[in-house]
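Remarks on the overall topology
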Amino acid sequence: MAVITYREALNQALAEEMDRDPDVFLMGEEVGVYNGAYKVSKGLLDRFGEMRVVDTPITELGFAGLGVGAAMSGLRPVIEFMTWNFSYLATDQIWNSAAKLLSMSAGQFKVPVTFRGPNGAALQLAAQHSQALEAIYAHFPGMKVVVPGTPADAKGLLKAAIRDDDPVCVFEGEMLYNIKGEVPEDEDYIVPLGVADVKRAGSDVSIITHGKMVHTSLQAAAALEKDGIDAEVLDLRSLRPLDVDAILATVAKTNRVVLVEEGWPYGGITATVAALIQEEAFDHLDAPILRVTQADVPMPYAKNLERIAKPGVEHVVDKVNKVLYR
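Rules used throughout
- Residues numbered from 1 in each chain as written.
- Predicted model: local features only at pLDDT ≥ 70, side-chain atom pairs only at ≥ 80, totals over all residues.
- Heavy atoms only, no water.
- Helix = DSSP H or I, 4+ residues; strand = E, 2+ residues; numbered from the N terminus.
- Rg over C-alpha atoms; globule rule 2.2 N^0.38 Å.
- Buried < 20%, exposed > 50% of the residue type's maximum accessible area, 1.4 Å probe, protein only.
- Areas by Shrake-Rupley, 256 points an atom, 1.4 Å probe, with all protein chains shown as cover.
- Lys, Arg positive; Asp, Glu negative; His and termini not counted.
- Charge placed at Lys NZ, Arg CZ, Asp CG, Glu CD.
- Axes fitted to C-alpha atoms, helices over the stretch in contact; angles between N-to-C directions.
- Parallel < 35°, antiparallel > 145°, perpendicular 65-115°, else oblique.
- Contact = heavy atoms within 4.5 Å.
- Nonpolar A, V, L, I, M, F, W, Y, C, P; charged D, E, K, R; others polar.
- Expected span 1.5 Å × (residues − 1).
- Salt bridge = Lys/Arg side-chain N within 4 Å of Asp/Glu carboxyl O.
- Core = buried A, V, L, I, M, F, W, Y, C linked by side-chain atoms within 4.5 Å.
- Pairing = 2+ DSSP bridges.
- Right-handed = clockwise from strand over helix to strand, strands pointing away.

Looking only at helices and strands, one finds 12 helices and 14 strands in the protein. Taking 20 Å as the expected radius of gyration for a compact globule of 326 residues, we find that the protein reaches 19 Å, a close match to that expectation. Across the 326 residues that make up the protein, the buried fraction comes to 57%. Total accessible area computed for the protein in this model is approximately 13600 Å², and 54% of it derives from carbon and sulfur atoms. With 30 positive and 45 negative side-chain charges, the protein shows a spacing of 3 Å between the two charge centroids.

All right, on to the packing of helix H3 (residues 60-72) against helix H4 (residues 91-98) then. The geometry of a pair of packed helices is captured by two quantities: the angle between their axes and the separation between those axes. Where H3 contacts H4, the axes come no closer than 8 Å and their chain directions differ by 30°. When the axes of H3 and H4 are compared, the pair comes out roughly parallel. Of the residues in H4, those in contact with Leu61, Ala64, Gly65 and Val68 of H3 are Asp92, Gln93, Ser97 and Ala98. Here the contact of H3 with H4 is built from residues that sort into four nonpolar, three polar and one charged.

Let us look at helix H1 (residues 6-20). Look at H1: 21 Å from first C-alpha to last across 15 residues, which is about the 21 Å you get at 1.5 Å a residue. Counting buried residues in H1 gives 11 out of 15 residues, a clear majority hidden from the surface. Along H1, the positions that sit buried rather than exposed are Tyr6, Arg7, Ala9, Leu10, Asn11, Ala13, Leu14, Ala15, Glu16, Glu17 and Met18.

In this structure, arginine 7 sits in helix H1. Buried charge arginine 7 goes without a salt bridge, the closest partner of opposite sign being glutamate 8 at 7.2 Å. When residues no more than four places from it in sequence are discounted, the contact partners of arginine 7 are Tyr38, Lys39, Val40, Tyr177 and Asn178.

Here we come to the environment of alanine 132. In this fold, alanine 132 is placed in the loop between strand E5 (114-119) and helix H6 (134-138). On the basis of relative accessibility, which here comes to 10%, the residue alanine 132 falls in the buried class. A sequence separation of 12 residues divides alanine 132 from glycine 120, and the C-alpha atoms of the two residues are 4.0 Å apart. Among all residues touching alanine 132, those that are not within four sequence positions of it are Asn119, Gly120, Glu262 and Gly263.

Of all hydrophobic cores here, the largest spans 46 residues; its most connected members are Phe115 and Ile277. Contributing elements (two or more residues each) for this core: strand E2 (24-28), H3, H4, H6, strand E7 (168-173), helix H9 (244-254), strand E13 (257-260) and helix H10 (269-280). Judged by nonpolar contacts, the second largest core, of 33 residues, contains Ala15, Leu26, Val146 and Val170.

So, about the sheet that holds strand E10 (residues 205-209). Ordered by their spatial adjacency, five strands build an open sheet running E9-E11-E10-E13-E14, and the pairing between neighbours is mixed. Strands with a single pairing partner mark the edges of an open sheet, and in this sheet they are strand E9 (197-200) and strand E14 (290-292). Recorded for the sheet is a direction-independent mean angle of 25° between the axes of neighbouring strands. With three bridges joining them, E13 and E14 adopt parallel strand pairing.

Moving on, we come to the pairing of E13. Residue alternation in E13 divides its side chains into two sets, Val257 and Leu259 and Val258 and Val260, and both sets are buried. Relative to E13, E10 is paired through three bridges, and the arrangement is parallel. Within E13, the residue paired with isoleucine 208 across the bridge is leucine 259. You can see the chain leave E13, run along H10 and come back into E14, and the turn it takes is right-handed.

Structure (structure tokens):
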């Protein structure tokens, strides 16, 4: 084990997979000479050369399309968006091509492409650059979606995504790049897609979450512990495929659920998980399912309004107390 940052874990994953498989290459804006907008690709251009670390023009639709075509031809491209907010410009290639080609070709074309980049709100980047978009991408059949919340999961999930034969979207928390954690140094270490992880065991209530909100939920659980509440924190890690067994197991264990996500409530991941629990585990519930999300508004720029709009520890604590009827 080595203690490294989330950013370094992603860099390790890219370097190890490019070493392992000559068909893997990285493409995106400023990934080469500039070492990536968030320095995730630091050193990769010098190590692998400009044929495998490709700086592109500012044309998301163009280089996403090149990635889909390369994947159809047998390569394994990793397409970096400077931020997932910019990926909207490429959604025809992601949603309408990459996600559907296996089905539309009756299995003749696999599309092993990985799309990755920072996601969610940072600090005062305003409405157009602060969106948590994983729920929208998870909506499309044929697309796999993962949201790592720790350095170890960042490395393991990105490696698994690159090796997968389907298109995978990796949503990296924009505020997580500097966090540190223990990461296995094994070059074959992967986190399988579709497998959740209990980040904190508990018996009184289940907090089900993913991505940046894992840390918010763990902080909330620590605060609740001071009041004698033992909260379990389940990190989904993978949103599509979803680890249904892990969700149902934690519900059966604690009988109370608070769902937490960074994105908006309308049509969100928490709405999907709530529906699943209601359909499959209703008899285990001793209280209604409650949700914590971003406020249902475009993200404000003003610091005080932005703070109110973001889901925080106090919101999670409040909802846990409500499901426990405290």
